[in-house]
Structures are given as structure tokens and as C-alpha cells.
Amino acid sequence: MQCIHTAYLFVYDSTPTMILNYSILAAALVTAVFATTNAYADSDSVGDLSIRTTFKFSEGNEDVNSFKVFTQNSGYKWGQTPTFQLWGGVGADKEILYKTAEMSYERRGMAHDSDYDEFDVDISVAHNAKILRKLAYTDCRITDYFVTTLHDNDETFSGKTKFVYADVFEFECGGYRIIPTSKLNQNNGQALKS
């Protein structure tokens, strides 16, 4: 996994908007994102934006709206392999994704020839029904997966905030493209399918 300590995340706390370094990501996620009465709220970010993710598996599509952190690690520069991470609370909205992670783990080091090896992923950043950005990844596979516990230092242990059990997925893909904004939100507010 790449070091992520130099990236920045914009989050909303009960205080004014802050730029937080990833080194304090756990505290930011607990206090600003996950510590709500509904961990899967449509939007709990600055500007009421949300991440919408559609995984296109051979057995069907799976829409996951509980991911709160998306980071593209590589792929924009010519010749780079597209890689990205998704963080979100452990939950029942990732049934096929969990199964794919389990199968990928069991088959690590083997030839890639099963239905679980490659899939496509669409990631959109939206404001209510309007999609602002859309990235379409193709021929993806899971390269890392783990569950981590996020907390806000002593605030969580004293009961002021809650612990968060988060899924962390890392993906590597064969390709990706940025969907032009002119092709988004057509057909009565619905995103154009890629």
C-alpha cells in the first residue's frame, strides 16, 4: 500500500471547514463523517457531496453508497496503472464486493481466470441527484483489503465519539477514463451510462 500521509482530505466538522492531513484521518472520519446517527447518510461532507460507487461484476451490479473516502493513487499520467482506494464503514451494502475480496484472497498467487478476478467500477461525486465528476475504471481487481478501527484518540475512549469499523479496499485496474461533464446528468437528471 502506498504511503498516504502527504494527501489532504476536506471534511466538515462541527467547527468551520478544516484541511486535515491524512495523518489524522482517523479522527476526521470519526468526528466528521461516520459519527452520525446514520453512517450511510447521502451526504455528510462540505458542499453536501457524496461518493456513489457502482461495481459491475459478472453476477450483477452492486451500488455502494457507504464509501466516504476515495483516493486515486495513480493512473492519470501516461503509462501508469490506475490504482485507487475506497474507505467506508463495514456494512451489508457490499455483499458481492466482500465475496470478491474473499475469492481474491483465496486465489492470490494463482492464474487470474475466475469470474471474480476482473470487474468494472464507476465512481461518481454527486450533489443530490446531480453528478459532478465520474470516473469509469475497467478490468479491476482487489489488491488489498482490511478492516481497521478508527477513533478520535481519548475522545472515543471517554465516550464522546464512537469507534468506527471501516473497510479499506485497494484496487488496480487495466484502464480508466474521465467521463466528460457534458455527458453527465442527461436524460432528466440521470447520469449517462458508460
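It is not clear to me how the environment of Val-90 should be interpreted in this structure. Could you clarify?
Take Val-90: it is sitting in the loop between strand 6 (83–89) and helix 2 (95–106). Each C-alpha atom of the pair Val-90 and Asp-167 lies 5.4 Å from the other, and the pair is 77 residues apart in sequence.

Explanation requested: the pairing of strand 6 in the structure shown.
Regular strands have side chains that alternate between both faces of the sheet. Of all 7 residues making up strand 6, 7 are buried, and the element is well covered by its neighbours. Where strand 5 (residues 67–74) and strand 6 come together, 6 bridges link them in antiparallel fashion. Residue pairing for strand 6: Phe-67 is matched across the bridge by Gly-88. In this structure, strand 6 lies alongside strand 9 (residues 164–178), joined through 7 bridges in antiparallel fashion. The residue of strand 9 that forms the bridge with Gly-89 is Ala-166.

What is the right way to look at unusual backbone geometry in this model?
With the exception of glycine, the majority of residues adopt a negative phi angle, and the majority of peptide bonds are in the trans configuration. Its identity is not glycine, yet Asn-128 carries a phi of approximately 55°, on the positive side. Locating Asn-128 in the fold gives a position in the loop between strand 7 (119–127) and strand 8 (130–150). What makes Asn-128 exposed here is its relative accessible area of 54%. Residues other than glycine seldom take positive phi values, yet Asp-139 does so here, at roughly 50°. Looking at the element boundaries, Asp-139 is found in strand 8.

What should I look at first to understand a nonpolar patch on the surface in this one?
There is a patch of nonpolar side chains on the surface, built from Val-90, Tyr-145, Val-147, Phe-157, Phe-163 and Tyr-165 and spanning about 590 Å² of accessible area. You can see Tyr-145 is positioned in strand 8. Accessibility expressed as a relative area gives 31% for Tyr-145, which makes it partly exposed.

Calculation rules
- Residues numbered from 1 in each chain as written.
- Predicted model: local features only at pLDDT ≥ 70, side-chain atom pairs only at ≥ 80, totals over all residues.
- Heavy atoms only, no water.
- Helix = DSSP H or I, 4+ residues; strand = E, 2+ residues; numbered from the N terminus.
- Buried < 20%, exposed > 50% of the residue type's maximum accessible area, 1.4 Å probe, protein only.
- Pairing = 2+ DSSP bridges.
- Patch = residues over 30% accessible without salt bridge, like charges linked within 9 Å, V, L, I, M, F, W, Y side chains within 5 Å.
- Areas by Shrake-Rupley, 256 points an atom, 1.4 Å probe, with all protein chains shown as cover.
- Salt bridge = Lys/Arg side-chain N within 4 Å of Asp/Glu carboxyl O.

It is worth stressing that arrangement in space is one thing and function is another; only the former is reported here.
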